[in-house]
Amino acid sequence: PLILQVINPNTSEAMTATIAAAARVVAAPGNEILAVCPQEGAPSIEGHFDEAIATLGVLEQVRLGRETGVDGHIIACFGDPGLLAARELATAPVIGIAEAAMHLATLVATRFSVVTTLPRTLVIARHLLHQYGFERHCAGLHAIDLPVLALEDGSGLAQQRVRELCIAARDQDGSGAVVLGCGGMADLARTLTDELGIPVIDGVSAAVKMVEALAALGLRTSKQGDLAYPLAKPLSGRFLGLNQ
Ligand SMILES: O=C(O)C[C@H]1NC(=O)NC1=O
């Protein structure tokens, strides 16, 4: 059995619980989901500034996970904050939910759309499409224009807007699949897939199965070249805990 560390990079316990539940639904029997979030940081991640803040918490959790001996790390925020830095620290695989969902979307459709939260974070999704080489696969990017934590306010309004935009993406973008662009949407994928009749993909569950696949194949983060462990140097102050 595996221990999979699922990191919610924001500090909202409710979203961590949503993410953990979605991960546990799909985890193979016997595999443990170790859901964590930073003790300090941003309650939600809605832009470049928030991502920079969240990255330190991600790295601290990856460090702790490595010491615990986890078999994989999942960065459960759609910006995949700190992904490559985390891969330097990690021995096990590190997968971001955006890359996981995008990869799976390309396996089941030739074009996919993304539905995320605020319009200002669409640029982050575009950066990721470019970074991962999926720009030509993405037929549309949509934002529900509600803040991330609206997904946890119990009103159901954000969830309804996600559903409406997924339908619009299916009918207007010419997409064969939709990628849900927020860790807090992880519980919506199965229902929307059934209702819309196209794959609606959540990155949390996608990442869990990809880490399991990598572990089964004996594949871990390469420590050759730019993903080798960070060069040892005396990190000071708040970064003391990140010394190798
Ligand atoms: O960028 C977003 O909308 C989603 C992203 N922010 C966050 O706090 N968790 C996330 O998945």
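Residues numbered from 1 in each chain as written. Predicted model: local features only at pLDDT ≥ 70, side-chain atom pairs only at ≥ 80, totals over all residues. Heavy atoms only, no water.

K.L.:
What should I look at first to understand the side chain of Asn10 in this one?
P.N.:
As for its position among the elements, Asn10 is in the loop between strand S1 (3-7) and helix H1 (13-26). By relative accessible area, which is 4% here, Asn10 ends up buried. There is a polar contact of 2.8 Å between the side chain of Asn10 and the side chain of Asn8. When neighbours within four sequence positions are excluded, Asn10 is seen to be in contact with Met15, Cys37, Pro38, Ala42, Pro43, Ser44 and Ile45. (Helix = DSSP H or I, 4+ residues; strand = E, 2+ residues; numbered from the N terminus. Buried < 20%, exposed > 50% of the residue type's maximum accessible area, 1.4 Å probe, protein only. Polar contact = N/O pair within 3.5 Å; in protein donor to acceptor, adjacent residues only side chain to side chain. Contact = heavy atoms within 4.5 Å.)

K.L.:
How should empty space enclosed by the protein be read in this particular structure?
P.N.:
Sizing a probe to match a water molecule and rolling it over the atoms shows the empty space that remains. This model, assessed by the stated rule, comprises one cavity of 30 Å³ or more. Roughly 210 Å³ of volume is contained in the largest cavity. Ile45, Cys77, Phe78, Gly79 and Gly181 are, among the 22 residues lining the largest cavity, the residues nearest its centre. Residue classes in the lining of the largest cavity are distributed as 10 nonpolar, 10 polar and two charged. (1 Å grid on protein atoms, 1.4 Å probe; cavity = no way out; pocket = protein on both sides within 12 Å on 5 of 7 lines; lining within 4 Å. Points joined across faces, edges and corners; volume = space filled by probe spheres on them. Nonpolar A, V, L, I, M, F, W, Y, C, P; charged D, E, K, R; others polar.)

K.L.:
Before we go on, may I ask you to explain the sheet that holds strand S4 (residues 94-96) in this structure?
P.N.:
Strands in a sheet are paired, the pairing made by backbone hydrogen bonds, and the direction either parallel or antiparallel. An order of S2-S1-S3-S4 is seen for the four strands of this open sheet, with the pairing classed as parallel. Two strands lie at the open edges of the sheet, namely strand S2 (32-36) and S4, each paired on one side alone. Strand-to-strand twist across the sheet, computed as the mean angle between neighbouring axes with direction ignored, equals 20°. Where S1 meets S2, five bridges bridge the pair, whose relative direction is parallel. Residue pairing in the sheet places Ile3 in a bridge with Glu32 of S2. Against the sheet, helix H2 (residues 48-68) makes contact with S1, S2 and strand S3 (72-75), and its axis sits at roughly 170° relative to S1, the strand it touches most. (Pairing = 2+ DSSP bridges. Axes fitted to C-alpha atoms, helices over the stretch in contact; angles between N-to-C directions.)

K.L.:
What am I meant to see in the pattern of salt bridges here?
P.N.:
Oppositely charged side chains can form a pair if their charged atoms are brought close together. Applying the stated criterion across every chain, the model contains five salt bridges. A salt bridge links Glu67 to Arg63; its shortest N-O distance comes to 2.3 Å. Taken as a pair, Glu67 and Arg63 lie in helix H2 at a separation of four residues, close to a single helical turn. The partner of Glu195 in a salt bridge is Arg163, with the nearest N and O atoms 2.6 Å apart. (Salt bridge = Lys/Arg side-chain N within 4 Å of Asp/Glu carboxyl O.)

K.L.:
Any chance you could explain the layout of surface pockets here in plain terms?
P.N.:
Reported here for the largest pocket is a volume of approximately 420 Å³. As for the largest pocket, its lining consists of 19 residues, of which Ala189, Arg190, Val200, Asp202 and Ser205 are closest to the centre. Broken down by secondary-structure element, the contributors of at least two residues to the lining of the largest pocket are H1, helix H4 (97-108), helix H7 (189-196), strand S8 (200-202) and helix H8 (203-216). In terms of residue count, H1 provides more of the lining of the largest pocket than any other element does, five residues in total. Here the lining of the largest pocket is built from residues that sort into 12 nonpolar, three polar and four charged.

K.L.:
In this structure, what is going on with the packing of aromatic side chains? I would like to understand it.
P.N.:
The geometry of two aromatic rings is summed up by the distance between their centres and the angle between their planes. Applying the stated criterion across every chain, the model contains zero aromatic pairs. Lys223 extends its terminal NZ or CZ atom over the ring of Tyr229, reaching a point 4.3 Å from the ring centre. (Phe/Tyr/Trp six-rings, centres within 6.5 Å; stacked < 30°, edge-to-face > 60°. Lys NZ or Arg CZ within 6 Å of the ring centre and 35° of its normal.)

K.L.:
Would you mind going over the site of the ligand with me for this structure?
P.N.:
Every residue close to the ligand is listed here: Asn10, Ser44, Ile45, Cys77, Phe78, Thr116, Thr117, Val148, Gly181, Cys182 and Gly183. At 2.9 Å, a side-chain N or O of Asn10 approaches an oxygen atom of the ligand. Side-chain polar atom of Thr117 to an oxygen atom of the ligand: 2.3 Å apart, as the coordinates give it. Considering the ligand on its own, with 290 Å² of exposed area, one finds that the protein chains cover 96% of that surface. (Near = heavy atom within 4 Å. Areas by Shrake-Rupley, 256 points an atom, 1.4 Å probe, with all protein chains shown as cover.)

K.L.:
Would you take a moment to explain the pairing of strand S7 (residues 177-180) for this structure?
P.N.:
Residues in a regular strand project their side chains so that they alternate between the two faces of the sheet. Burial along S7 is two-sided: the residues Ala177 and Val179 and Val178 and Leu180 are all buried. Pairing of strand S5 (residues 112-116) with S7 involves four bridges; the strand directions are parallel. When the bridges of S7 are listed, Val114 appears paired with Val179. Bridge count for S7 against S8 is three bridges, and the pairing is parallel. Each bridged residue has a counterpart across the sheet, and for Val179 the counterpart in S8 is Ile201. Read from S7 through H7 to S8, the crossover connection turns out right-handed. (Right-handed = clockwise from strand over helix to strand, strands pointing away.)

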